[in-house]
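So the chains spell out like this:
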Amino acid sequence: MTANLKTLLKQVFGYSNFRPLQLEIMQSTLQGRDTVAILPTGAGKSLCYQLPALMRDGLTVVVSPLIALMKDQVDQLHAAGVAATFLNSSLDGPTFQNRIHAIGTGQFKLLYVAPERLMMTDFLDRLAQWQVQSLVVDEAHCISEWGHDFRPEYRKLSQLRTLLPNVPMLALTATATPQVQADIASQLKLQDPALYLSSFNRPNLSYRVIAKEKPARQVWECAAARPEESGIVYCQSRKSAESMAEMLLDAGIPTVAYHAGMDAEERTKNQEAFIRDKARIVCATVAFGMGINKPNVRYVIHADLPKNVEGYYQQTGRAGRDGLPAECILLYSRGDIVKQQRFLEEITDSQARQVARKQLDQMSIYAEEINCRRASLLQYFGEQWPHENCGSCDNCLEPVETWDATIEAQKLLSCIYRIGQKGSFSVGWAHIADILAGAKTEKIQRWDHSSLSTYGIGKEKKRKEWVDLGRRLTSLGLTEASQDQFQTVSLTEKGLAILRQRIPVTLTRRKQEPEKLTTAVVGRIAKSGDILCDEGLFNELRLLRKNLADERNVPAYVVFSDVTLRHIARTYPCSSSEFLAVPGVGERKLAEYGETFVAAVETWLSTNSPQAFPDLKSVTTAPRQSRIPGDLSSTVLESLKCYRSGKSIDEIATHRNLSPSTIENHLSQAIESGEELSPDDFYTPQEAMRMHAAFQVIDSPGLTQAFESLAGEISYGKLRLFRAFKTLATKKS
Ligand code: ADP
Ligand code: ZN
């Protein structure tokens, strides 16, 4: 079976290697087992059912929530020569009937269908007659109320189990929360499902938080610094999404807006423009994005603070699906937290309010993190990042240090206080900095501010430094800036208390000043997954691809992904066999595009000499921390070796100079991967019973809930180990 799958992988999809877990998932579903696959965006979930569909005689039915997406997916499959089709409300009557007929005669391997269509009675009758051999539920988290995209019509899918009791189901999602994962299996009535859960790390994404000052300008700087790239800008409100889009348009950057307040037609039009590279940027609310499989989104900017980490992860996850480097940038100011706290107060249901508050707290922890942001993000999903430095977040690249800012803070705060005493209130940071620096401006003279006791006491710093420092105090909640255009500054109660009681103020700063945003973001972030190539040729190929795509009325990536183009632009294939060796080129695409692209390469080489590039560090198998057999990382294996030699967790930790919780995490991974470890080494039978009960009660494998329900009496480490044994047992049974 494996050999066949591998042959088909190259023949049809043009790839030589499976990504982590793909093969295991395919084997599981082909063995007829219900399977849940939880892999992050870009990990290659689609292939997990598309390839098995080709191995089966009958039909694979894929439930997919997004009508707009189905056509693209089917186009992509057609481009690879796969007999696929879709049914949804966008089809007119006769087309619909024709397709139904064709499906009945077994002409298709794959059928995409929207859940509401699927659950209509006449459709269910047909389904029972067709030779359905596999049911796939894509975006399976839509079934869970705990998820971020609950769709009531997904709930009815549980009927499928009754209708087609012997057809294996495969549920796919990128949603990381344990609650949702548990919900999927129970709602779909899966029978003893095999669970494949991969790391949620996205190695090719880099993370950066930038102090939000003038968001529109900052967004424009980012966009202008990446002239050919596609990006998504998430805004809090419909209004700000629109004004941001307008601003970028004015600046000459093709941009569209997207939010739920627009009518369906306009939304589709704008989404389409973005997918087809007619608009480079989409400025959107969170309504945008689910199921957008545009692979070459190179950056996601959040102009406002997202409501929770889960959402942030999902939204940033839309960048870099193709595995090439992409950036996630959050513009953050403490003011956003204050604003959201105000919204929170308006939530009437007290439990919902509490949840929202906790989520906001977690989001601010991420935003104010001074250690690795990747580690912080993964930690939120209960995953431990095993490395000290991720090499691609701002804090790892430009570490921060703390410094005692008490004297500076006192100067600033007392200056505001004195200005207030003098009866003038409408001043901003620029004016305050002028006073501290002892400047002689017209305003200072008019208001007689040179007579203040704080006049000229801050000559040791530049005005800009005082302004920056002032903004930091606002972000700490010591001062407030009015929301209007004047941004006049006043003391908060907290600020007043700090001033009166001389409470120390500690601030953080970069050990080295980062370069200006544009250069910092363009040049500094390390690029995992990068494919060096002849950029001149790449641009030519991009144009060629666009023409071919437009002729066929499909998005560019249906022709070839950027990854494929970059490979062409570094290997200069000049024959069919060389072209077929390019990742993403299968037999069908060779036949359709081979000649055209080889000709383009030859034309290029007639006037340019080829460049040489260093070998790639295995692009097809992106480094991923996987939790399944044979895939344990070397650091896990090292811990396992120590365990086997009879050491306790603490001893291993000391020996390896790692924290005990890291070791616990390593051993948990080893357990889940099927390595034999003994529970007795980690907890007592009594503790095991209590943990068993805790997980039973909360009906979800979430550690936090279990930890809380045990009143914190059993450590996270033990819970994690216990859960690992449990997961293994589920997998085995
Ligand atoms: P997901 O649904 O998990 O977000 P996709 O199915 O859209 O991911 O796949 C992301 C990208 O990875 C696609 O461009 C796809 O062609 C590519 N891909 C999938 N499997 C492989 C593989 N084994 N080797 C190389 N590229 C792959
Ligand atoms: Zn980092």
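About the thresholds
- Residues numbered from 1 in each chain as written.
- Chains lettered and ligands numbered in written order.
- Predicted model: local features only at pLDDT ≥ 70, side-chain atom pairs only at ≥ 80, totals over all residues.
- Heavy atoms only, no water.
- Helix = DSSP H or I, 4+ residues; strand = E, 2+ residues; numbered from the N terminus.
- Rg over C-alpha atoms; globule rule 2.2 N^0.38 Å.
- Buried < 20%, exposed > 50% of the residue type's maximum accessible area, 1.4 Å probe, protein only.
- Contact = heavy atoms within 4.5 Å.
- Near = heavy atom within 4 Å.
- Polar contact = N/O pair within 3.5 Å; in protein donor to acceptor, adjacent residues only side chain to side chain.
- Areas by Shrake-Rupley, 256 points an atom, 1.4 Å probe, with all protein chains shown as cover.
- Nonpolar A, V, L, I, M, F, W, Y, C, P; charged D, E, K, R; others polar.
- Donors = N, O, S within 2.8 Å, 3.2 Å for Na, K, Ca; no water.
- Tetrahedral: all angles 85-135°; square planar, octahedral: opposite > 155°, others 65-115°.
- 1 Å grid on protein atoms, 1.4 Å probe; cavity = no way out; pocket = protein on both sides within 12 Å on 5 of 7 lines; lining within 4 Å.
- Points joined across faces, edges and corners; volume = space filled by probe spheres on them.

A. Here's a closer look at the overall build of the protein chain. Across its full length, the protein chain carries 35 helices and 17 strands. Computed over C-alpha atoms, the radius of gyration of the protein chain comes to 28 Å, within 12% of the 27 Å expected from 2.2 N^0.38 for 733 residues, which places it in the range of a compact globule. Seen through its principal axes, the protein chain has C-alpha atoms that stretch 90 × 75 × 55 Å. Counting all 733 residues of the protein chain, 53% fall into the buried class. In the protein chain, the proportion of contacts linking residues at least 24 apart, taken out of those at least 6 apart, comes to 73%.

B. The site of ligand 1, seen in detail. Surrounding ligand 1, one finds 14 residues, the nearest of these being Tyr15, Asn17, Gly42, Ser46 and Arg321. Contact between ligand 1 and tyrosine 15: an oxygen atom at 2.6 Å from a side-chain N or O atom of the residue. Taken by itself ligand 1 offers 570 Å² of open surface, and the protein chains cover 84% of this. Looking at the shell around ligand 1 element by element, the count peaks at three residues for helix H3 (residues 45-55). For the shell around ligand 1, the class distribution of residues is five nonpolar, six polar and three charged.

C. Looking closely at the coordination of the zinc ion (ligand 2). Around the zinc ion (ligand 2), the donor atoms from the protein are Cys372 (SG), Cys390 (SG), Cys393 (SG) and Cys396 (SG), and they sit 2.3 Å away. Considering all four donor atoms around the zinc ion (ligand 2), the spread of angles at the metal, 103 to 118°, places the coordination shape in the tetrahedral class. Donor residues for the zinc ion (ligand 2), ordered by position in the chain, follow C-x17-C-x2-C-x2-C. Each member of the pair, cysteine 390 together with cysteine 393, is buried.

D. Just empty space enclosed by the protein, in detail. Enumeration over the complete set of coordinates arrives at four cavities of 30 Å³ or more. Here the second largest cavity defines a volume of roughly 50 Å³. Along the walls of the second largest cavity sit Ile275, Asp277, Lys294, Pro295, Asn296, Arg545, Ala556, Tyr557, Ser561 and Asp562, which together make up its complete lining. Among the residues making up the lining of the second largest cavity, the classes are represented as four nonpolar, two polar and four charged.

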